[in-house]
Amino acid sequence: MLETTQDSISRIGSVVTAFPMNRRDNAAEGFGSRHPVVDSRTELMMHPGSYWSEIGRFSTLAGFVSMVLGFGCRASQPVIFSASQPSPTIVHRQKTAELSAIAKPTPERVTETTSHAPPIQQVSFATSHGGLAELIAMAISRNPEVEAARKELEMASAKIPQVASLADPMVDFVTWPIFPNVEQQVGGRMIADVGISQEVPWAGKRESRVGQASGEVSRLQSKLIAIELQVANEVKQAFADLWLATRKLEIAKDDHRFLEGLSELAETRYATGNGGQQDILRVKSELGLNQAEQSRMIADQKMAKAELARVLSNSAENSSTTPFDPSALESIGLPEWLPEPPLPKWDDVSAQALAANPELHARWAEVQRDQWRVKESRLNYYPDLTYSAGWGAMTTNRAMSPVADGIDNLTAGVSFNLPVRRAARDAALQESESQVEKGISEWQQQRDKITRDLQQIYSILESLESQLEQYRNTILPSLEQALEISTTAYEANQVTMSELIELRRELLKLRSQERELQAQRQKRRADLSWLMAEMDWQ
């Protein structure tokens, strides 16, 4: 764009050097004798085409130069990140190696930034559990905060071609249509004067502005990813709560079937005279407590569904989307067991989180943006240039100078501002450098916070996995075997009903705790995936 404008000005300069410059001084001797005054109507009758031929000549050149400069200053189209169609995907940045390669950023580092935003990749949830993947895609496509972040990103990307473009060229046109109110020069009478100028910032200023705009686009990209990951994490948390409430209800139903069988056994023993009526009444009491517990668990399940529906219907007030129907959750597929992939090594977890976390990327993008601002502040000590070219149409017709030759005037020039107000520029430079240092400190704080959160979540996950292993391999199998033996012993009148009921309660409690541990494990894995910027359900 800039090269095109400079080439146009160079062509004008070559035309200027090819023609002699006319005399524009008003020497006294040039006006010693005046031409006879001729009536303007008589002149137009004598030279009907002279005046308009000069105007036509001027208009042709002016139109050509304006067209060249106009096309030379066109900017490229902005980068648009369309989100008009809902998509079962969320964006994920590819530039994860950039942060991991940074040892210690310094205010002097000015990272190269292109004029367009870096590409973003659409990552599918194809590897996720089907029901959960659909819920995450639905929540992201309907969430108003995600939509607002996308529009904000589009706005920022549209600013790049604005700051990359030169200012519009200026065209000055002056004519003298009424005689004798006409400028007279030694070379003749002026018909029209046209000038064209183009302001060009000092080399590097536009690049630094594009760098700032691109840095802002990069920051908003990371912000969009962070919001989408947050929405996905909320869906995962609500999904785990719904799974837990459903599995607890199933445990209560299994216990109800066990109590019904135990009630039949107590009645049989009472009928044969081997047991007392108090055993029957004790089992009926336990059945009543089980019914009450099931009612409470059904209420918990409804609350979990309501919370999941809330996450999915955040945009219910948005007229562009259809409100979510909570009854659709009735057909949602809940797995019998939540997936349990092995916990990755700590070094891999830490490396991926510090390289891919979008909040950390957003902080570093702010540093990059502010580093370009420092560069522009330093370039503001240099002037901006304005190149100009002019053409004055001359004629000897009715010229007052006796030596008028009617040769057109051609001019070329350059003007620039004097950056003498150094106090303001010094303050601007100090402000931008302080902003970079502040951004680096915030980046390091965010990095330390992510590391602390990772360590805490990772420790909790290790503890949960150890507890689950104990429950599944030792505690639950032992109690289940003990309950089976005690039931057989009750038939043989070797244990009492109270002992059997107590053992059954203990097993019921431990089964519920095992499901709670599994749900907690999945929720902490969701938090870990959020910090690691993982896009699928682990």
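Everything that follows concerns the structure shown earlier in this document.
Residues numbered from 1 in each chain as written. Predicted model: local features only at pLDDT ≥ 70, side-chain atom pairs only at ≥ 80, totals over all residues. Heavy atoms only, no water.

> Please explain the packing of helix 7 (residues 205-271) against helix 12 (residues 497-532) as it appears in this structure.
Any two packed helices are characterised by the angle at which their axes cross and by the distance between the axes. Where helix 7 meets helix 12, the closest approach of the two axes is 9 Å, and the angle between their N-to-C directions is 170°. Classified by the angle between their axes, helix 7 and helix 12 sit roughly antiparallel to one another. Crossing handedness for the pair helix 7 and helix 12: right-handed. Tallied by class, residues from the contact of helix 7 with helix 12 come to 17 nonpolar, six polar and 12 charged. (Axes fitted to C-alpha atoms, helices over the stretch in contact; angles between N-to-C directions. Helix = DSSP H or I, 4+ residues; strand = E, 2+ residues; numbered from the N terminus. Parallel < 35°, antiparallel > 145°, perpendicular 65-115°, else oblique. Left-handed = near helix turned anticlockwise from the far one by under 90°. Nonpolar A, V, L, I, M, F, W, Y, C, P; charged D, E, K, R; others polar.)

> Even after reading the chapter, I still don't get the environment of Ile-460, so can you show me in this structure?
Looking at where Ile-460 falls in the secondary structure, it is placed in helix 11 (residues 422-491). We classify Ile-460 as partly exposed; its relative accessible area is 34%. Through-space distance from the C-alpha of Ile-460 to that of Arg-525 is 9.8 Å; in sequence the pair is 65 residues apart. (Buried < 20%, exposed > 50% of the residue type's maximum accessible area, 1.4 Å probe, protein only.)

> Would you take a moment to explain the packing of aromatic side chains for this structure?
Any aromatic ring pair is given by two values, namely how distant the centres are and how the planes are angled relative to each other. All chains considered together, the criterion is met by three aromatic pairs. Judged by centre distance (5.2 Å) and plane angle (15°), the rings of Trp-202 and Tyr-382 are stacked. With a gap of 180 residues between them, Trp-202 in the loop between strand 5 (188-200) and helix 7 and Tyr-382 in the loop between helix 10 (358-379) and strand 6 (385-395) connect regions that are remote in the sequence. Residue classification places Trp-202 among the partly exposed positions, given a relative accessible area of 30%. Of the residues examined, Tyr-382 reaches a relative accessible area of 42% and is grouped as partly exposed. With a centroid separation of 5.6 Å and 55° between ring planes, the pair formed by Trp-364 and Trp-443 is classed as tilted. Placement of the pair is Trp-364 in helix 10 and Trp-443 in helix 11, with a sequence separation of 79 residues. Grouping residues by exposure puts Trp-364 and Trp-443 together as buried. Above the plane of the ring of Tyr-490 lies Arg-269, whose end atom (NZ or CZ) is 4.3 Å from the centre. (Phe/Tyr/Trp six-rings, centres within 6.5 Å; stacked < 30°, edge-to-face > 60°. Lys NZ or Arg CZ within 6 Å of the ring centre and 35° of its normal.)

> What's the story with a nonpolar patch on the surface in this structure? I'm lost.
There is a patch of nonpolar side chains on the surface, built from Phe-416, Leu-418 and Val-420 and spanning about 330 Å² of accessible area. The class of Leu-418 is exposed, set by a relative accessible area of 60%. (Patch = residues over 30% accessible without salt bridge, like charges linked within 9 Å, V, L, I, M, F, W, Y side chains within 5 Å. Areas by Shrake-Rupley, 256 points an atom, 1.4 Å probe, with all protein chains shown as cover. Salt bridge = Lys/Arg side-chain N within 4 Å of Asp/Glu carboxyl O.)

Any functional reading would require information beyond the geometric quantities listed.
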